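# Fold and geometry: a report
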Amino acid sequence: MRTVHKFRLETGSKGNCIRLREGFRILHSEYLVTEKSVFVWIEVPLDITLPEHSVQLRVFHTGDPIPARYEHLATAVDAFGPEAFHVYALETEALPWQAIA
């Protein structure tokens, strides 16, 4: 079995560290105007015997420099403003995540 969790992503250089069980999939990212924040929805297995991984997600603004070791996952657009937010993951060998299609 599995479920979907919603995570708010903070912007800035610190990034976001999320602990996820092996086999997770990042499904969707969106800027929610009512919350004035970027969110991601991640499908996670409910099997507690699976190992956990720390996933580093970071939100970049258009025009920000992006280190080479980050991989693009999604772009979330503010429908009522001129801003776009680009969600990247710190690339590591141990992570089985997939980019949003």
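In short, a report on the structure.

About the criteria used
- Residues numbered from 1 in each chain as written.
- Predicted model: local features only at pLDDT ≥ 70, side-chain atom pairs only at ≥ 80, totals over all residues.
- Heavy atoms only, no water.
- Pairing = 2+ DSSP bridges.
- Helix = DSSP H or I, 4+ residues; strand = E, 2+ residues; numbered from the N terminus.
- Axes fitted to C-alpha atoms, helices over the stretch in contact; angles between N-to-C directions.

### Points about the sheet that holds strand E2 (residues 16–21)
With respect to topology, four strands assemble into an open sheet ordered E2-E5-E7-E6, the strand pairing being antiparallel. Strand pairing shows two members of the sheet lacking a second neighbour, E2 and strand E6 (70–77), which therefore form its edges. Mean inter-strand twist for the sheet, computed between neighbouring axes without regard to direction, equals 30 degrees. Across six bridges, the pairing between E2 and strand E5 (residues 52–61) is antiparallel. Opposite isoleucine 18, over in E5, you have valine 55 as the bridge partner.

### Notes on the sheet that holds strand E4 (residues 37–45)
Spatially, the three strands line up as an open sheet ordered E1-E4-E3, and their pairing is antiparallel. Among the strands making up the open sheet, the edge pair consists of strand E1 (2–9) and strand E3 (25–32). Going across the sheet, the axis of each strand differs from the next one's by a mean of 20 degrees, ignoring polarity. Sheet analysis places E3 next to E4, joined by seven bridges and oriented antiparallel. Across the sheet, the residue bridging to isoleucine 26 is isoleucine 42, located in E4.

The quantities given are spatial measurements derived from coordinates; they are silent on function.
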